[in-house]
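Geometric and topological summary
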Amino acid sequence: MHDDRTLVESRLKRVLDERIRPAVYAESVPLEVGIWTAPGEPVPVAEGLAAPRTPIAVGDAWGAPWGTSWLTVSGTVPEAWAGRTVEALIDLGFDANMPGFQCEGLVYRPDGTPVKGLNPQNQWVRIAAPAAGGERVLLHVEAASNPVILDYHPFLPTELGDRETAGDEPQYRLARTDLAVFDETVWQLVMDLEVLGELMAELPVESARRWDVLRAVERALDTVDLQDVGGTAAAAREQLAGVLASPAAPSAHRISAVGHAHIDSAWLWPLRETVRKVARTTANMTALLEDEPDFVYAMSQAQQYAWIKEHRPEVYARVKKAVAEGRFVPAGGMWVESDTNMPGSEAMARQFVHGKRFFLEEFGVENREAWLPDTFGFTGGLPQIIRNAGSTWLLTQKISWSQVNKFPHHTFLWEGIDGTRIFTHFPPVDTYNCAMKGSEIAHAARNFKDKGVARHSIAPTGWGDGGGGTTREMVAKASRLRDLEGSATVRWERPAEFFEKAQAEYPNPPVWVGELYLELHRATLTSQARTKQGNRRSENLLREAELWCATAALRCGAAYPYEELDRIWKTVLLHQFHDILPGSSIAWVHREAERTYGAVAEELERLIGRAQRALAGDPAGGRELVFNAAPHARSAVPAGGAAAVAAAGGCSVTERPGGGFLLGNGLLDVAVDGDGLVVSVVDRASGRETVAPGTRANLLQLHPDFPNMWDAWDVDRFYRNTVTDLTAADEVTVAAASEEAVTVRVARSFGSSTVLQLLTLRAGAGRLDIDTEVDWHETEKFLKAAFPLDVHTERYAAETQFGHLYRPTHTNTSWEAAKFEACNHRFVHLDEPGWGVALVTASTYGHDVTRAVRDGDGGTTTTVRFSLLRAPRFPDPRTDQGVHRFRHALVPGASIADAVREGYLISLPERRVAGTAEAVRPLVAVGHDALVVSAVKLADDRSGDLVVRVYEANGGRARGRLSTSFPLAGAVPCDLLERPWDGTRGEVAVAGDGVELSLRPFELVTLRITPGGEAG
């Protein structure tokens, strides 16, 4: 037989495009349209419905950037259409290739009831089936003219990312507003042909199945009368029935499809627009659930449910009904799909606390899965947090984006730093926006890494980011793929159903230990420094507010601010979303975030101040108390308590021969040269030099920074090829000198920017504090602070949630070389046997560590560099312009325990409050330095119980006693949601007025403590 395959395939494409698809709506009449444009931000629905309209015609321009226009479409069903299915077709000016990234609409009935969303792949609104001739049609559309930020030529700087700079040029032209007859038979023929055509393209050319399908398609095309598609569609479908009925092979890969719309809670749009995107999508999905009995839809992010509950209660009522029916599935159990690299220990825990609690209270749903398809890598501390929240599974997709190394599994056990293992799945379809295309289904089956021992995978299916979610076309394709020869099988299933099946068939999957590092988007650890500092400051203030308010409640009977703390936590958690905290959103988002963080800080400072005043007593008493919120004692002030402290002394400063200054405090000797760079730091206890020979520390370095793509997200390795050392100083002077502290002031200028640094050595402190102020006006540059250390080590420790993890300092393999930019929380630590050094930070996350062997003495120089600032121009063309302040410290002779302590101390500075109290005793104390208290708060259920979270911080086993300063009626281990829990692997036993703890490395335990009387 002659090979006419390409002839038939080309014929199929043209006939579908030019004859059959247009015949789905072969008859149409225009609708009349009126428009009203809201003068500012979106208005309430009632106002939009009532506003006067002016006529607008197809082809007319509408919609300034970020504007809202209300359109009214009206018409009458022709008498000849009686008994047929009639739909309105409304094209606001969509680009079919950009669902979720342009204009969108939400359709309302005249009474204000939401109907469904309008999106590029979803432009229809059902009017009636069957319709009545002469029936009046009246619909309103709330149309959002969101500008296209990420266009066909991506990553071009644009001012459209903020309403203040976007201008008022109309963005769209109305493309279609018709009333039309929907021919379902023709539409079903389109679905048949699309599925079979896409299947053919994935089958081997030599396979009999491909040719069977080809001949059936050819017969169907022969049967269709191109001048009467509607009249011949049924006969054409009969020609395809046989090949569509042929069942899949018993060994076929099995795909659990779940309807989904990954909606970024902010990204190329502001938070307020996400509220509307969620409403449009959920209106679509609840309508589709009513039409399609097999369909199942899952939506994550409790925050998004809370938004529609507040702003679109009618849609929320439909959601609650569908949830109760088991068709609309709350997934993931987190407040938002947050970044997991940068949120602190407590914040990461509270993502699950607030997310799971919302789903439990609103729907009675207990999530077992964590759902994070788009997060930029996963820290080694996350498995324990997931397990402590009562969950057992994790789904993600993003690791498939890694540029260098392909992850070796799709289903596996992920082991965290403490040994907790979580059953984890990466969908091999390699997208969280599956459209049920044949190419996607075939790719999932081919790509699946665990063939031979497993055959299940999941496919999140639907357009995200306001693209409307799953379409009826996707559902139709899935029904044809349910059991189709040559294809993987497809079933609509809830995430829990998939995980139960996958775990049952693969009870002993391979294990991956440690972080799931994404070899991409590394610059998100640095972009938008103000957002990151706002997050860190908020986390610290929340810790303080909970600690001091709980202390005041138990000590003084002060009211505990339950509502305020709950609201503030949710605000902070929202801003940890994986495009806000990483700095990859538009200017509008980060401008609002800075203002929000300011308001959060102001409110938390009030709560802290009120509690501390209650504890300190009358300020007229004259005594000054030092409050210590850190989990370690400082200057004789106990952790979590307050006391009066006498000033310490012992600091000195002298001029250094050749320029600069020598600083000393009895613990460290520091030499600062004439350029203001640190050339020596000697740890007196060991006599050990910290700075590598021939180098200078606290060296600011500037790199060009223009990645190949994803400007705010990425830093490419080649940035290191060019570097400018900022050594020239405008000023090096002694800014302050006393027995208590000495400070050297260093001023520099470069490009259009300036830097002011204060190098401070304090009495009794084994660290050199470095305060840096940068007035930053560079573009496409990367600023680092380098510390070359005289340390020979093959690995270093970086803090993460509830512990730390180790990364190599070498690049033996491609996996190690790919980690050229990584995340830390409060410290990085390097050591040789018997001696180490820590670098601690109050607010920066990105860093790199490299090693080199010196020519002179053959020793090893290990250089740690903190990443301070970047200046990408997309999506925010003025990223981080202006003044920034950073605080770091160099801690020679530090053990891991010292690094942990100093990291907390630099992040939680002391507070001084005048009052009559002699001291404030801590509510709890822990008798082992490795046992760190991460939270002290009152129980959320308002029972009056005290909740204390403790973890082992050093990476070893620790036994200690947690004692209370009040009578103890009882204490029980609980999960993160403060429910009794027996999942603790270590030992917890109540004994007298305390709790005996014996924890394994990095183990986390939450205790619910019931007071037995007044706190003393």
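For the structure, see preceding data.
In what follows, the accompanying structure is described. (Residues numbered from 1 in each chain as written. Predicted model: local features only at pLDDT ≥ 70, side-chain atom pairs only at ≥ 80, totals over all residues. Heavy atoms only, no water.)

Focus: the packing of aromatic side chains
Stated formally: Note on aromatic contacts: the rings of Phe and Tyr and the six-membered ring of Trp form a pair at centre separations within 6.5 Å, being stacked when their planes are under 30 degrees apart, edge-to-face when over 60 apart, and tilted otherwise. Residue exposure (1.4 Å probe, protein chains only): buried if accessible area is under 20% of the type maximum, exposed if over 50%, otherwise partly exposed. Think of it this way: any DSSP run of H or I at least four residues long counts as a helix, any run of E at least two long counts as a strand, and we number them from the N terminus. Lysine NZ or arginine CZ positioned within 6 Å of the ring centre and within 35 degrees of the ring normal marks a charge as sitting over the ring.
Here the structure, examined in full by the defined rule, presents 40 aromatic pairs. Note on Y560 and Y562: the rings are 4.8 Å apart at their centroids and 65 degrees apart in plane angle, and the pair reads as edge-to-face. Judged by its relative accessible area of 10%, Y560 falls in the buried class. With a relative accessible area of 17%, Y562 lands in the buried category. Centre to centre, the rings of F787 and F866 are 6.5 Å apart; their planes meet at 70 degrees, and the pair counts as edge-to-face. Here the residue F787 occupies a position in strand β36 (residues 781–789), and F866 occupies one in strand β43 (residues 860–870), the gap between them amounting to 79 residues. On the basis of relative accessible area, F866 is assigned to the buried category, the value being 0%. Clustering of aromatic rings is evident, with ring pairs tying together F295, Y297, Y305, Y316, F328, W335, F358, F359, F363 and W492. Between the NZ or CZ atom of R795 and the centre of the ring of Y806, over which it lies, the distance is 3.6 Å.

Thoughts on the environment of G641
Worth spelling out the cut-off: Contacts are assigned to residue pairs with any non-hydrogen atoms lying within 4.5 Å of each other.
Along the chain, the position of G641 falls in strand β24 (residues 641–643). Residue classification places G641 among the buried residues on the basis of a relative accessible area of 0%. Measuring from C-alpha to C-alpha, the distance between G641 and H260 comes to 48 Å, with 381 residues separating the pair along the chain. G641 has contacts with W548, V626, F627, N628, V920 and P922, leaving out every residue within four places of it along the chain.

Quick word on the nonpolar core
Which entries qualify depends on this criterion: Here the nonpolar core consists of buried residues drawn from Ala, Val, Leu, Ile, Met, Phe, Trp, Tyr and Cys, with membership extended through side-chain atoms lying within 4.5 Å.
The biggest cluster of nonpolar side chains holds 226 residues, and the ones touching the most others in it are F328 and L946. Those residues in contact with F328 that sit more than four places away from it in its chain are T282, M285, T286, L289, Y297, M299, Y305, V319, A322 and V323. Among the nonpolar cores identified, the runner-up in size contains 49 residues, and A529, V681, V691 and F787 belong to it.

Concerning the sheet that holds strand β49 (residues 946–952)
Definition in use: By the convention used here, strands pair only if DSSP detects at least 2 bridges between them. Think of each axis as a best-fit line through the C-alpha atoms, taken over the contacting stretch in the case of a helix, with angles from 0 to 180 degrees between the N-to-C directions.
With antiparallel pairing, 4 strands are arranged side by side in an open sheet as β48-β49-β54-β51. In this open sheet, the two strands that pair with only one neighbour each are β48 (931–938) and β51 (968–974). Across the sheet, the axes of successive neighbouring strands diverge by a mean angle of 25 degrees, strand direction being ignored. When β51 meets strand β54 (residues 1004–1011), the two strands line up antiparallel, connected through 6 bridges. Across the sheet, G970 pairs through a bridge with T1010, a residue of β54. Across the sheet, helix α9 (residues 345–363) touches β48 and β49, and the angle it forms with β48 is around 50 degrees. Helix α14 (residues 529–556) rests against β48, β49 and β54 of the sheet, and its axis sits at about 60 degrees to β48.

A few points about the sheet that holds strand β28 (residues 678–683)
Strand order in the open sheet formed by 5 strands is β25-β26-β27-β28-β29, with antiparallel pairing between adjacent strands. In this open sheet, the two edge strands, each paired with only one partner strand, are β25 (652–655) and β29 (688–689). Two elements, strand β26 (residues 661–664) and strand β27 (residues 668–672), share 4 bridges in a ladder whose sense is antiparallel. Along β27, the bridge assignment pairs F661 with V672.

Description of empty space enclosed by the protein
Over the atoms rolls a probe the size of a water molecule, and in doing so it shows where empty space is left. Formally: A cavity, in this analysis, means grid points on a 1 Å lattice covering only the protein atoms where a 1.4 Å probe fits yet has no way out; a pocket is instead an open set bounded by protein on both sides within 12 Å along at least five of seven lines, and a residue lines either one if it has an atom within 4 Å of a point. Grid points are joined across faces, edges and corners, and a volume is the space filled by probe spheres set on the points. Gly falls in the polar group here, along with every residue not listed as nonpolar (Ala, Val, Leu, Ile, Met, Phe, Trp, Tyr, Cys, Pro) or charged (Asp, Glu, Lys, Arg).
This model, assessed by the stated rule, comprises 6 cavities of 30 Å³ or more. The wall of the largest cavity is formed by 19 residues, among which S345, E346, E539, N540 and R826 lie closest to the centre. Of the residues forming the lining of the largest cavity, the biggest block, 5 residues, is contributed by α14. Classifying every residue of the lining of the largest cavity gives 7 nonpolar, 5 polar and 7 charged. In this structure, the second largest cavity occupies an estimated 110 Å³ of space. Taken together, 17 residues line the second largest cavity, and the ones lying closest to its centre are N341, F376, Y517, L518 and L525. Tallied by class, residues from the lining of the second largest cavity come to 9 nonpolar, 4 polar and 4 charged.

Things to note about helix α13 (residues 495–505)
In an α-helix, one turn spans 3.6 residues, which is why side chains three or four residues apart end up on the same side. Filter applied, for reference: Comment: arc refers to directions from the helix axis out to C-beta atoms.
Those residues of α13 that sit buried are P495, F498, F499 and A502. On an axial view of α13, the arc spanned by its buried residues comes to 95 degrees, and they lie on one face.

A closer look at the layout of surface pockets
Looking at the second largest pocket, its volume works out to about 1000 Å³. S635, R762, A763, A765 and R767 are the residues nearest the centre of the second largest pocket, which is lined by 36 residues in total. Top element by residues in the lining of the second largest pocket is helix α18 (residues 896–907). It accounts for 5 residues. Taken together, the residues of the lining of the second largest pocket break down into 18 nonpolar, 5 polar and 13 charged.

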